[in-house]
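What the coordinates show
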Amino acid sequence: DRCLVGAGTITTPAELELAANGGAHFALSPVCPTVGFGEQGFVRECHLRGVLAMPAAYTPQEIYQCVEEHGALTVKIFPAQLWSPSALKDLRRIGDFGKYRLCPSGGIDCENAEAWLAAGACAVGMGSCLVGKDVATDPSDKEALEVAEKDWASVRKPLADSFAKKVVQC
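Every value quoted in this text rests on a predicted model; they were computed, and no experiment measured them. (Residues numbered from 1 in each chain as written. Predicted model: local features only at pLDDT ≥ 70, side-chain atom pairs only at ≥ 80, totals over all residues. Heavy atoms only, no water.)

Of the residues making up helix α2 (residues 41–48), those classed as buried are Gly41, Phe42, Val43, Glu45 and Cys46. Positive phi shows up at Gly50, right after α2, with a value of about 75°. (Buried < 20%, exposed > 50% of the residue type's maximum accessible area, 1.4 Å probe, protein only. Helix = DSSP H or I, 4+ residues; strand = E, 2+ residues; numbered from the N terminus.)

Laid out in structure tokens, this is it:
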């Protein structure tokens, strides 16, 4: 009852429409898409559909543009494995960056997620680090799918359960 479903990786208006029609609460992108979105842009098109836009940015300039020019309420820092929690904490001390809602994604796992949250991230994107290889496994490859499902059951799910219990206590 505390889960919101979103969609990624959104880069086109057609993908956004599919996600919105499917009930996505948020739309993640690896960039701040502009092509095909017209004057409104990705962020405003998402918000017009009742979907929280989470465009990605890597540099402070890109983060600033996502918020101040495009109207993003939350910005995905991507790829976060090229950042660190201490870099995020330092950024949040500068000007208005402390007011921005930032969600690092890429390389975040159950072992380092707490450090990102403590550094000021409003959320973290975990993707395959959380759910395992099955998200990228061809469903018709029964053998690979079985290996991925075993990995989920024996490794990823216990890590996810443990992490969820910690986060709920925060």
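With parallel pairing, three strands are arranged side by side in an open sheet as β1-β2-β3. The open sheet terminates on both sides in strands that have one partner only, identified here as β1 (6–7) and β3 (52–54). Bridging between β1 and strand β2 (residues 26–28) involves two bridges; their strand directions are parallel. Across the sheet, Gly6 pairs through a bridge with Phe26, a residue of β2. The strands touched by α2 within the sheet are β2 and β3, with β3 carrying the most contacts at an inclination of about 155°. (Pairing = 2+ DSSP bridges. Contact = heavy atoms within 4.5 Å. Axes fitted to C-alpha atoms, helices over the stretch in contact; angles between N-to-C directions.)

Enumeration according to the criterion identifies two aromatic pairs in this entry. Ring plane angle 80° and centroid distance 5.6 Å describe the contact between Phe37 and Phe42, whose orientation is recorded as edge-to-face. Taken individually, Phe37 and Phe42 each receive the classification buried, so the pair is uniform in this respect. Measuring from centroid to centroid gives 5.3 Å for Phe97 and Tyr100, while their planes differ by 70°, and the two rings are edge-to-face. Lying over the aromatic face of Phe78, Lys76 brings its terminal NZ or CZ to 4.7 Å of the ring centre. (Phe/Tyr/Trp six-rings, centres within 6.5 Å; stacked < 30°, edge-to-face > 60°. Lys NZ or Arg CZ within 6 Å of the ring centre and 35° of its normal.)

Here we take up the nonpolar core. Ranked by internal contacts, the top residues of the largest apolar core, which has 35 residues, are Phe42, Ile63, Val75 and Leu102. Excluding residues within four positions of it along the chain, Ile63 makes contact with Ala57, Val75, Ile77, Trp83, Leu91, Phe97, Tyr100 and Leu102. (Core = buried A, V, L, I, M, F, W, Y, C linked by side-chain atoms within 4.5 Å.)

Another aspect to go through is the sheet that holds strand β5 (residues 74–77). In spatial order, the strands read β4-β5-β6; together these three strands make up an open sheet with parallel pairing. This sheet does not close on itself; its edge strands, each paired only once, are β4 (56–57) and β6 (101–104). Of the pairings in the sheet, the one linking β5 to β6 comprises four bridges and is parallel in character. Residue pairing for β6: Ile77 is matched across the bridge by Pro104.

Attention now goes to the environment of Val67. Looking at the element boundaries, Val67 is found in helix α3 (residues 60–69). According to the relative accessible area criterion, Val67 is buried, its value standing at 17%. Note: C-alpha distance between Val67 and Cys3 (64 residues apart in sequence) is 25 Å. Not counting residues up to four positions away in its chain, the partners in contact with Val67 are Ala72, Val75 and Tyr100.

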